[in-house]
Amino acid sequence: METKSFECPRCDGVLKEGKLHAIDAHLCPQCKGILVPQRDLRRLLDKMAEEMSKTLSLDDTIEAIPDRGGGVSCPLCGQTMDNYGYMGCNQVKIDSCFRCSAVWLDAQELGIMACLYARTKHHQETAAKAAEARSAPIVDVAIVTQAAERAVLQGWSVGRLL
Ligand SMILES: [Zn+2]
Ligand SMILES: [Zn+2]
């Protein structure tokens, strides 16, 4: 099978094909952005959330990250991707290509999403805590990002990528 190389839509990096927690993904070694199939996104977040919940306090409030803007071209087909808020909120805006059913996530976005996901799960398990979370301290985005990068590295199965 021929391996095509795809350019990163955010920087001049070339995407590397590999598996992230057993999910087919394209990752940019430079900006750490990741392209994943939309159908696998939940499974990926599930795995990452599990990893991150070991190192993060899930009761903390997550700060919205600055949106890097839409208009991302799909690395696979060149189509301009749709930019929308993940889980109906505007904390994370993700980009997806309806043609390829692929989602582009900037490095920070994946981390915040996994954190939001972990927190939602956590709150479902302990519903009573949901109200308290509003006054909880704000998580440092850098900490979330570090935890996300660790989770990415641990799940990534192509050797010596980053
Ligand atoms: Zn890049
Ligand atoms: Zn596409």
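Computed from a prediction, not measured in an experiment: that's the story for all the values here.

Novice: Break down the overall build of the protein for me, with residues and values.
Specialist: Looking only at helices and strands, the protein has three helices and eight strands in total. Along the protein, helices and strands appear, N-terminal first, in the series β-β-β-α-β-β-β-β-α-β-α. Evaluated residue by residue, the protein yields a buried proportion of 35% over its 162 residues. Taking all contacts inside the protein whose residues are at least 6 apart in sequence as the whole, residues at least 24 apart take part in 60%.

Novice: Can you tell me about the sheet that holds strand β2 (residues 23-27), naming the residues and giving the values?
Specialist: Taken in spatial order, the six strands of this open sheet run β1-β2-β3-β7-β6-β5, and their pairing is antiparallel. Sheet topology places β1 (16-20) and β5 (82-85) at the edges, where each strand pairs with a single neighbour. On average, adjacent strands in this sheet sit at an angle of 30° to one another, irrespective of strand direction. Pairing geometry for strand β3 (residues 34-37) and strand β7 (residues 102-105), over four bridges, is antiparallel. Along β7, the bridge assignment pairs Leu 35 with Trp 104.

Novice: Give a description of the environment of Arg 150 that names residues and reports values.
Specialist: Here Arg 150 lies in helix α3 (residues 141-155). Taking the C-alpha atoms as reference points, Arg 150 and Met 52, 98 residues apart in sequence, are found 8.6 Å from one another.

Novice: Describe the packing of helix α1 (residues 41-52) against helix α2 (residues 107-125), and please don't skip the residues or the numbers.
Specialist: What describes two packed helices is the angle between their axes and the distance between those same axes. Relative to each other, α1 and α2 sit at 80°, their axes nearing to 8 Å. Taken together, the axes of α1 and α2 are roughly perpendicular relative to one another. Taking contact as the criterion, the partners of Leu 45, Met 48, Ala 49 and Met 52 in α1 are, on α2, Met 113, Ala 114, Cys 115, Tyr 117, Ala 118 and Lys 121. Residue composition of the contact of α1 with α2, grouped by class: nine nonpolar, no polar and one charged.

How each quantity is defined
Residues numbered from 1 in each chain as written. Chains lettered and ligands numbered in written order. Predicted model: local features only at pLDDT ≥ 70, side-chain atom pairs only at ≥ 80, totals over all residues. Helix = DSSP H or I, 4+ residues; strand = E, 2+ residues; numbered from the N terminus. Buried ≥ 20, exposed ≤ 12 C-beta atoms within 10 Å, placed from the backbone. Contact = placed C-beta atoms within 7 Å. Pairing = 2+ DSSP bridges. Axes fitted to C-alpha atoms, helices over the stretch in contact; angles between N-to-C directions. Parallel < 35°, antiparallel > 145°, perpendicular 65-115°, else oblique. Nonpolar A, V, L, I, M, F, W, Y, C, P; charged D, E, K, R; others polar.

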